[in-house]
Amino acid sequence: MCSLPVPREPLRRVAVAGGKHGNEMSGVYLVRHWLLAPAELQRPSFSAVPVLANPAATTACRRYVDRDLNRTFTSTFLNSRPTPDDPYEVTRARELNQLLGPKASGQAFDFVLDLHTSTANMGTCFIAESSHDVFALHLCRHLQLQYPELSCQVFLYQRSGEESYSLDSVAKNGLALELGPQPQGVLRADIFSRMRALVATVLDFIDLFNQGTAFPTFEMEAYRPVGIMDFPRTEAGNLAGTVHPQLQDQDFQPLQPGDPIFQMFSGEDLLYEGESTVYPLFINEAAYYEKGVAFVQTEKLTFSVPAMPALTPAPSPAS
């Protein structure tokens, strides 16, 4: 397996971003808390910076103002010439790229952790770019071992040949947390507390790495997108049915050919007609109605993640 380079120096410049979607309240309020109490993000080998990613959407308690910021960190937007008519999120993406990047440069932050919640039953999900991202996958494994009761799942969002588009892709290394279900615009104590604990463990892992801990090779299960499924619709584009009760809340569970996926308003069931088993994610996610997505179809894969050797201590200056 071809892998991204493992960091060979300590990760000193670390950011924790929340509120990229302004109605995902756990990340919003954690960042607001850390801006007032930054000591919680301090570790012996570094101090993380809290970032409120989308202030305008957060103020409006909306996912975004003009366009989805979580799809805007590509070269098309980051490198285009600014104009007065640019959507707010395009301007904000360029600002964040300057703050945390520039993307794909040696000056970029060493690590960005991006905080999200979902209305879907995603449980505790870690989102990395691909199976090549060795540092992020070792971090995922560490979190799985620390929280066995949470049944943490790993989603690899990047399709082959696709440019990474998320905020954490601006940094040299990154990961997104996706917790759910949590309604939009609602703050739940259990999700808030779980996210806070996970962030602390992420920072502890980076500190362990910085202080010279080695991490052995391991086998990992993860989910990779293979397609999307839209709702059944009328000729006018309106919904003609909704997610079937047998599929609702079954994120990460196998969907077999012939299983029901939609319940039509007319009464009949629509069945999954695929040729192989898939694993649906983001089932009935509220934010995806506008994107024409009832759920994301994924395949489950198992692969080996290479060992991550201990950092070599810097030589002591000559006396």
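Conventions and cut-offs
Position numbers for residues start from 1 in each chain and track the written sequence from start to end. Where totals are concerned, whole chains, interfaces and linings use all residues; where local detail is concerned, this predicted model gives features only for residues with pLDDT of at least 70, and gives and counts side-chain atom pairs only at 80 or more. The side-chain values count all of the structure's non-hydrogen atoms but skip hydrogen atoms and water molecules. UniProt positions are given in the numbering used here, feature names are shortened, and annotations may be inferred rather than shown by experiment. Here, a salt bridge means any Lys or Arg side-chain nitrogen found within 4 Å of an Asp or Glu carboxyl oxygen. Labels follow the DSSP assignment, with helices taken as runs of H or I lasting at least four residues and strands as runs of E lasting at least two, numbered in each case from the N terminus. Categorising residues by exposure relies on relative accessible area from a 1.4 Å probe, with only protein chains included: less than 20% of the type maximum marks a residue as buried, more than 50% marks it as exposed, and the intermediate range marks it as partly exposed. Only protein atoms enter the 1 Å grid used here, on which a cavity is any set of points holding a 1.4 Å probe that cannot leave and a pocket is any open set flanked by protein within 12 Å on both sides along at least five of seven lines; residues with an atom within 4 Å of a point are listed as lining. Grid points are joined across faces, edges and corners, and a volume is the space filled by probe spheres set on the points. Nonpolar residues are Ala, Val, Leu, Ile, Met, Phe, Trp, Tyr, Cys and Pro. Charged residues are Asp, Glu, Lys and Arg, and all others, Gly as well, are polar. By nonpolar core we mean a set of buried residues, namely Ala, Val, Leu, Ile, Met, Phe, Trp, Tyr and Cys, connected to one another through side-chain atoms within 4.5 Å. Residues count as neighbours in contact if any of their non-hydrogen atoms are within 4.5 Å of one another. Pairing of aromatic side chains here covers Phe, Tyr and the six-membered ring of Trp, requires ring centres within 6.5 Å, and sorts the geometry by plane angle: under 30 degrees stacked, over 60 edge-to-face, intermediate tilted. Pairing of N or O atoms within 3.5 Å defines a polar contact, subject to two protein rules: one partner must be a possible hydrogen donor and the other a possible acceptor, and residues neighboring in sequence count only if both atoms are side-chain atoms.

- For the protein chain, the name recorded in an unreviewed UniProt entry is N-acyl-aromatic-L-amino acid amidohydrolase, with Callithrix jacchus as its organism.
- Reading the Sequence similarities (unreviewed entry) entry of the UniProt record for the protein chain gives the comment "Belongs to the AspA/AstE family. Aspartoacylase subfamily."

### Things to note about the pattern of salt bridges
Part 1 of the argument: This structure, assessed with the given rule, holds 14 salt bridges.
Part 2 of the argument: A salt bridge links Glu 40 to Arg 196, with the nearest nitrogen and oxygen atoms 2.9 Å apart. Of this pair, Glu 40 sits in the loop between helix H1 (25–36) and strand S2 (42–43) while Arg 196 sits in helix H6 (residues 189–210), placing them 156 residues apart in sequence.
Part 3 of the argument: When its relative accessible area of 29% is taken as the criterion, Glu 40 is described as partly exposed.
Part 4 of the argument: For Arg 196, a relative accessible area of 31% corresponds to the partly exposed category.
Part 5 of the argument: Salt-bridge contacts for Arg 63 lead to Asp 68; the nearest nitrogen and oxygen are separated by 3.0 Å.
Part 6 of the argument: Accessibility expressed as a relative area gives 10% for Arg 63, which makes it buried.
Part 7 of the argument: A cluster of three or more residues bridged by salt bridges with shared partners is formed by Glu 24, Arg 63, Asp 68, Arg 71 and Lys 291.

### Examining the layout of surface pockets
Part 1 of the argument: Reported here for the largest pocket is a volume of approximately 540 Å³.
Part 2 of the argument: Taken together, 28 residues make up the lining of the largest pocket; nearest its centre are Arg 71, Phe 155, Tyr 165, Phe 282 and Tyr 288.
Part 3 of the argument: When residues in the lining of the largest pocket are grouped by element, the largest group, three residues, is from strand S5 (residues 111–117).
Part 4 of the argument: Class assignment for the residues of the lining of the largest pocket results in eleven nonpolar, six polar and eleven charged.

### Brief notes about the nonpolar core
Part 1 of the argument: If you look at the biggest cluster of nonpolar residues, it comprises 49 residues, and the most contacted ones within it are Phe 111, Leu 113, Leu 115, Phe 126, Leu 175 and Val 199.
Part 2 of the argument: Broken down by element, the residue count for this core peaks at ten residues, all from H6.
Part 3 of the argument: With sequence-adjacent residues up to four places away left out, Leu 175 is seen in contact with Phe 111, Val 112, Leu 113, Asp 114, Phe 126, Ile 127, Ala 128, Ala 136, Leu 139, Cys 140, Leu 143 and Asp 168.
Part 4 of the argument: Membership of the second largest hydrophobic core comes to 17 residues, among which are Tyr 165, Tyr 223, Phe 252 and Phe 282.

### Thoughts on the environment of Thr 58
Part 1 of the argument: Relative to the helices and strands, Thr 58 is located in helix H2 (residues 55–60).
Part 2 of the argument: Given the relative accessible area of 7%, Thr 58 is considered buried.
Part 3 of the argument: Along the chain, Thr 58 and Glu 24 lie 34 residues apart, while their C-alpha atoms are 8.5 Å from each other.
Part 4 of the argument: Those residues in contact with Thr 58, other than ones at most four positions away along the chain, are Gly 19, Gly 22, Val 28, Arg 32 and Leu 52.

### Some words on the packing of aromatic side chains
Part 1 of the argument: Evaluation of the coordinates by the stated rule reveals twelve aromatic pairs.
Part 2 of the argument: Measuring from ring centre to ring centre gives 5.5 Å for Phe 135 and Phe 205, while their planes differ by 65 degrees; the resulting arrangement is edge-to-face. Pair noted here: Phe 135 is in helix H5 (residues 134–146) and Phe 205 is in helix H6, with a separation of 70 residues, a long-range link. You'll find Phe 135 and Phe 205 in the same group, each marked buried.
Part 3 of the argument: Relative to Phe 209, the ring of Phe 135 has its centre 5.2 Å away and its plane inclined at 80 degrees; by these criteria the two rings are edge-to-face. Taken together, the residues span a long stretch of sequence, with Phe 135 in helix H5 and Phe 209 in helix H6 at a distance of 74 residues.

### Re the UniProt feature "active site" (unreviewed entry) in the protein chain
Part 1 of the argument: The positions that UniProt labels "active site" (unreviewed entry) are, in the present scheme, Glu 178.
Part 2 of the argument: As for its placement among the helices and strands, Glu 178 is situated in strand S8 (residues 174–180).
Part 3 of the argument: Sequence-distant contacts of Glu 178, that is, excluding residues within four places in its chain, are made with His 116, Thr 117, Ser 118, Met 122, Gly 123, Thr 124, Cys 125, Ile 127 and Phe 282.
Part 4 of the argument: Within polar-contact distance, the side chain of Glu 178 engages the backbone nitrogen of Ser 118 at 3.4 Å.

### Looking at the UniProt feature "domain: AstE/AspA barrel-sandwich hybrid" (unreviewed entry) in the protein chain
Part 1 of the argument: When the UniProt feature table is mapped to this numbering, "domain: AstE/AspA barrel-sandwich hybrid" (unreviewed entry) covers residues 219–300.
Part 2 of the argument: As annotated, residues 219–300 has a helix share of 0% and a strand share of 38%, and its two end C-alpha atoms lie 13 Å apart.

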